[in-house]
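# Summary of the model geometry
Okay, here's what each chain looks like letter by letter:
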Amino acid sequence: FFSSCSKSSEVLQPADDTESIGKARDNPGQVNIFKGPEVQMGNGKARSWISINHTGLPLEIGVELTDAALYGLPGDPTNFQAATFLLPLHQKAKAATPFDHITINWNVHGHEPEQVFDIPHFDFHFYMITVQEQSAIPPYEVAPTGFDNLPPVSYWPDAYFPTPGGVPQMGRHWIDGFFQPPFSQTLIYGSYNGRFTFVEPMITLDYLVSGATFSESYRQPKVFAPSNKYYPQEYNIYKNSITGKHYITLGNFAWR
């Protein structure tokens, strides 16, 4: 995977060129962008990327989607593998942040709970465990112990709570206690076997197709693991009005 990763000084512009979400677009001369390999998704392409300034501070990490990637997606809700897209991260991203890789999960009919998340949407999982560790997570019914082993309370993000059970190859999901339907976008945490394992912006297909611009801070735990990494504190959604590419990112990093 990483033999095809590239470094680029490309500047990414939000949908409204007068509005800047990410620090990378405020300082184009001082920022390098490191990209992962392109992955086929729907009729288009997806890839990961990270922007890092000249002092080594990450500014944004996230997903770049061509507009065509939102079309021609799998229509069989039972084919989990076909609806999952693995995006390797550049080594620079893995060194500076807690993240190991990103997966995009396409839910053609949504998922539980019904009448909340049962509409077509994407789960953008930013994993803090390896692909091998993620793949080894069993169904909850087969081995519930790892799901039921919650992280210590000091690691819990404020006002988030765990949902019942868990999902194979993912873990237990944690919902924002302040979330209010209707659902267009929200941020989820995930845990397994005593630690938090992913951060997940969850976004509807309609919201991405609309080209909406969004940026919001999300609540943090008091204690972080692994430590000595840069952790993001906000998530962003925007579209480049010239190229038509969509961006789903985490930003506003702090050293933990």
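Predicted model, so just to flag it, every value in this text is computed and none were measured.

### Overview of the confidence of the model for the chain
- Chain-level statistics for the chain give a pLDDT mean of 89 and a share of 88% at 70 or above.
- This stretch, residues 1-6, has a pLDDT under 50; its non-local contacts, to residues over four places away or in other chains, come to 18 contacts.
- Between residues 8-24, whose pLDDT stays under 50, and residues either more than four places distant or in other chains, the model counts 47 contacts.

### Quick notes on the packing of aromatic side chains
- Counting across every chain of the model gives 19 aromatic pairs.
- Summarising the aromatic geometry, the rings of Tyr189 and Phe196 are spaced 5.8 Å apart at their centres and angled 70° between planes, so their arrangement reads as edge-to-face.
- Classification of Phe196 by relative accessible area gives buried; the value is 10%.
- The structure contains a cluster of three or more aromatic residues connected by ring pairs, namely Trp156, Tyr160, Trp174, Tyr189, Phe196, Phe214, Tyr218 and Tyr235.

### Concerning the side chain of Asn107
- With respect to the helices and strands, the residue Asn107 is situated in strand β7 (residues 101-107).
- The exposure class of Asn107 is buried, given its relative accessible area of 16%.
- Reaching out from Asn107, the side chain makes a polar contact with the side chain of Asp123 at a distance of 3.1 Å.
- In contact with Asn107, other than residues within four places in its own chain, are Ile119, Pro120, His121 and Asp123.

Thresholds applied
- Residues numbered from 1 in each chain as written.
- Predicted model: local features only at pLDDT ≥ 70, side-chain atom pairs only at ≥ 80, totals over all residues.
- Heavy atoms only, no water.
- pLDDT = per-residue confidence, 0-100.
- Contact = heavy atoms within 4.5 Å.
- Phe/Tyr/Trp six-rings, centres within 6.5 Å; stacked < 30°, edge-to-face > 60°.
- Buried < 20%, exposed > 50% of the residue type's maximum accessible area, 1.4 Å probe, protein only.
- Helix = DSSP H or I, 4+ residues; strand = E, 2+ residues; numbered from the N terminus.
- Polar contact = N/O pair within 3.5 Å; in protein donor to acceptor, adjacent residues only side chain to side chain.

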